[in-house]
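Listed below, chain by chain, are the residues.
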Amino acid sequence: MREESDMDGGCCGPGYASPAEAIRAPREKLLYTIAIYTGTGIQKPDYLTTIDADPDSPTYSQVIHRLEMPGIGDELHHMGWNACSSCHDDSSMSRKYLLVPGVRSNNIHVVDTATDPRAPRLHKVIDGAEIKAKTNLSGPHTVHCLGSEIIISFLGDAKGEAPGGYLHLNKDFEIVGRWEASMGDIPFGYDFWYQPRHNVMVSSEWAAPNTFMPGFDLEEVGHLKYGRRLHIWNFEKREPVESMYLGEDGLIPLEVKFLHDPDSTHGFCGAALSSNVIHFWKNGDGKWEWEKVIDVENEPHPEWPIPVPGVMSAILVSMDDKYLYLNNWLHGDMRQYDISDPHNPKLTGQVWMGGLLGKAPQVNGVDVAGGPQMFQLSLDGRRLYVTTSLFSTWDNQFYPEIRQKGGVMVRIDCDPENGGMKINEDFIVDFGKEPNGPSRCHETRYPGGDCTSDIWL
């Protein structure tokens, strides 16, 4: 089960020679999805599930394996590969290991997915206490491979205060130290994406772990304890060179993505609380600019004193750079926009699942507790897998019923030629029926790479 080969038969390293080649790769048959018990009251470890995504398989749409972590209370959250298309020319590398950090424990679990892709096994644990002691970092979030090396964004220092920084690991998963030469005057960290041909990295902002981990307090936004900036980095010098202040249009700018075309400078960021999409790019004079291109209106709710924001906690760009997908976690809808003209996105698809507005309390006969949150798109742009948990304390605050009902994974079928979205009626994974009790599902990865991990040099 090897994706590390050119479609023309040439020998090379992991990933794909280009985004176009990735689109032509074999379809995903397995999904690796994080499941958590942290915050549920169930004293069991968080775990990595393997889900059968092969419609010809007798166990299609089922969890076929569970890899428990060694400890309890990790809060597994985001994860990433040891290698991607950025080391496609290195035949000594392979996309074999999935790095699965615990945002609360600081432990980074290195999982071997290659020996038996259906039943991954734990290869190594990088101890969170060692990371704190050697780098003064806590709260791991985004994992990106950097050629054969790995960098991981951390949201706080060892005491849980912002801005955190970036952990640098070598290919043997040993701690090299901090990746960045300087954090400049960046106040918060969160997500990042780099575009090597332009010597640029862009990073975004959430909040200090001590702020967001207990739950969400709207007053803390007014007290400037949550981010509203994007940061432009000199990638080679590993230091920030410019910040773009987004103001009220960019409250809590979370996920940031460049287009997959390595020659492009266009990228997007979803601002969660203001529920806006920010488009950024480098103009003809070499200056970075930004604009708000999508604005999701708040919706009235009989039990809320204020209109409910969408809470756009994630975005994703299709491998062909034609579509942007976004979620509104509190409203309960997933959206597809045609971004062929990145300055003027066009809404081409929308489906409902869960949410507070009551538009789709059930999907395929299963009660949806929570709303659409994390999602992963197939390389060919035809299948979107969506899960419902955001973060344990935030889940409990906005969707208390998720404690009893657990999370859900839904598959949405997408039309990459004409646009459009439709919930697939044959696929549903109910994490409320897990063996140890209801768990919650978060991020998903595919063994062959996906739309949110591969970067081209």
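The coordinates are above.
Heads up: these notes are all about the structure in this document. This is a predicted model, so every value here is computed, not measured. (Residues numbered from 1 in each chain as written. Predicted model: local features only at pLDDT ≥ 70, side-chain atom pairs only at ≥ 80, totals over all residues. Heavy atoms only, no water.)

1. Let's talk about the packing of aromatic side chains
Right, on to step 1. In this structure the tally under the stated criterion is 27 aromatic pairs.
Right, on to step 2. Between Phe-216 and Trp-394 the ring centres are 5.1 Å apart and the planes differ by 45 degrees, which places this aromatic pair in the tilted class. Here Trp-394 lies in helix α5 (residues 392–398) and Phe-216 lies in the loop between α3 (209–212) and α4 (218–222), a separation of 178 residues in the sequence.
Right, on to step 3. Here the aromatic rings of Phe-258 and Phe-280 are separated by 5.5 Å at their centres, their planes lie at 80 degrees, and the arrangement is edge-to-face. With Phe-258 in strand β16 (residues 253–258) and Phe-280 in strand β18 (residues 276–282), this pair connects stretches of sequence that are 22 residues apart.
Right, on to step 4. Given a relative accessible area of 0%, Phe-258 falls into the buried group. (Phe/Tyr/Trp six-rings, centres within 6.5 Å; stacked < 30°, edge-to-face > 60°. Helix = DSSP H or I, 4+ residues; strand = E, 2+ residues; numbered from the N terminus. Buried < 20%, exposed > 50% of the residue type's maximum accessible area, 1.4 Å probe, protein only.)

2. Looking at the sheet that holds strand β10 (residues 165–169)
Right, on to step 1. In space, the four strands of this open sheet follow the order β8-β9-β10-β11, with antiparallel pairing throughout. The open sheet has two edge strands with one neighbour each: β8 (138–146) and β11 (175–178). Direction aside, neighbouring strands of the sheet carry axes that sit 25 degrees apart on average.
Right, on to step 2. Looking at chain direction, strand β9 (residues 149–156) and β10 are connected through five bridges and run antiparallel. (Pairing = 2+ DSSP bridges. Axes fitted to C-alpha atoms, helices over the stretch in contact; angles between N-to-C directions.)

3. Looking at the pattern of salt bridges
Right, on to step 1. Evaluated as defined, the whole model comprises 23 salt bridges.
Right, on to step 2. A salt bridge links Arg-228 to Glu-248; the nearest nitrogen and oxygen atoms lie 3.3 Å apart. One end of the pair, Arg-228, is in the loop between α4 and β14 (229–234); the other, Glu-248, is in the loop between β15 (239–245) and β16, and 20 residues separate them in sequence.
Right, on to step 3. For Glu-248, a relative accessible area of 56% puts it in the exposed group.
Right, on to step 4. Linked by salt bridges that have partners in common, Arg-27, Glu-28, Asp-380 and Arg-383 make up one network. (Salt bridge = Lys/Arg side-chain N within 4 Å of Asp/Glu carboxyl O.)

4. Concerning the nonpolar core
Here is a general trend for soluble globular proteins: nonpolar side chains tend to be buried in one another's company.
Right, on to step 1. Tyr-325, Met-334, Phe-375, Leu-384, Val-410 and Ile-412 are the most contacted members of the largest nonpolar core, which has 29 residues in total.
Right, on to step 2. Within the residue set of this core, elements represented by two or more residues are β21 (323–328), β26 (375–377), β27 (383–387), β28 (408–414) and β29 (421–430).
Right, on to step 3. The element best represented in this core is β28, accounting for four residues.
Right, on to step 4. Contact partners of Phe-375, with chain neighbours within four places excluded, come to Ala-314, Ile-315, Leu-316, Tyr-325, Leu-326, Asn-327, Met-334, Leu-384, Tyr-385 and Val-386.
Right, on to step 5. Of all hydrophobic cores here, the second largest spans 26 residues; its members include Phe-212, Val-221, Leu-251 and Ile-402. (Core = buried A, V, L, I, M, F, W, Y, C linked by side-chain atoms within 4.5 Å. Contact = heavy atoms within 4.5 Å.)

5. Overview of the sheet that holds strand β2 (residues 47–52)
Right, on to step 1. Across the sheet, which stays open at both edges, the four strands sit in the order β3-β2-β1-β30 with antiparallel pairing between neighbours. The sheet is open, and its two borders are formed by β3 (63–68) and β30 (440–445), each paired with just one other strand. Each adjacent strand pair in this sheet contributes to an overall mean axis angle of 30 degrees, direction not counted.
Right, on to step 2. Across six bridges, the pairing between strand β1 (residues 30–36) and β2 is antiparallel. Pairing of Leu-30 across the sheet is with Asp-52, part of β2.

6. So, helix α2 (residues 128–135)
In an α-helix there are 3.6 residues to a turn, and that puts residues three or four apart on one side.
Right, on to step 1. Buried within α2 we find Gly-128, Ile-131 and Thr-135. In an axial view of α2, the angular spread of the buried residues amounts to 60 degrees, which keeps them on one side of the axis. Exposed and oriented more than 90 degrees from the buried face of α2 are Ala-133 and Lys-134.
Right, on to step 2. Each element contacted by the buried residues of α2 is listed here: β6 (108–112), β7 (121–126), β9, β10 and β11.
Right, on to step 3. Structurally, the start of α2 carries an N-cap: the backbone nitrogen of Ala-129 is 3.2 Å from a side-chain oxygen of Asp-127. (Arc of directions from axis to C-beta. Polar contact = N/O pair within 3.5 Å; in protein donor to acceptor, adjacent residues only side chain to side chain.)

7. Overview of the side chain of Ser-264
Right, on to step 1. Mapping Ser-264 onto the fold places it in the loop between β16 and β17 (267–271).
Right, on to step 2. Classification of Ser-264 by relative accessible area gives buried; the value is 10%.
Right, on to step 3. Here His-266 takes part through its backbone nitrogen, which lies 3.0 Å from a polar atom of the side chain of Ser-264.
Right, on to step 4. Beyond its immediate sequence surroundings of up to four residues, Ser-264 is in contact with Gln-195, His-198 and Leu-259.

8. Thoughts on the pairing of β2
Right, on to step 1. Taking burial as the measure, the six residues of β2 include six buried ones, the bulk of the element.
Right, on to step 2. Burial along β2 is two-sided: the residues Tyr-47, Thr-49 and Ile-51 and Leu-48, Thr-50 and Asp-52 are all buried.
Right, on to step 3. Two strands pair when backbone bridges link them, and β2 and β3 are joined in this way by five bridges, in the antiparallel orientation. Bridge assignment links Ile-51 to a residue of β3, and that residue is Val-63.

So yeah, pure geometry; function would need other evidence.
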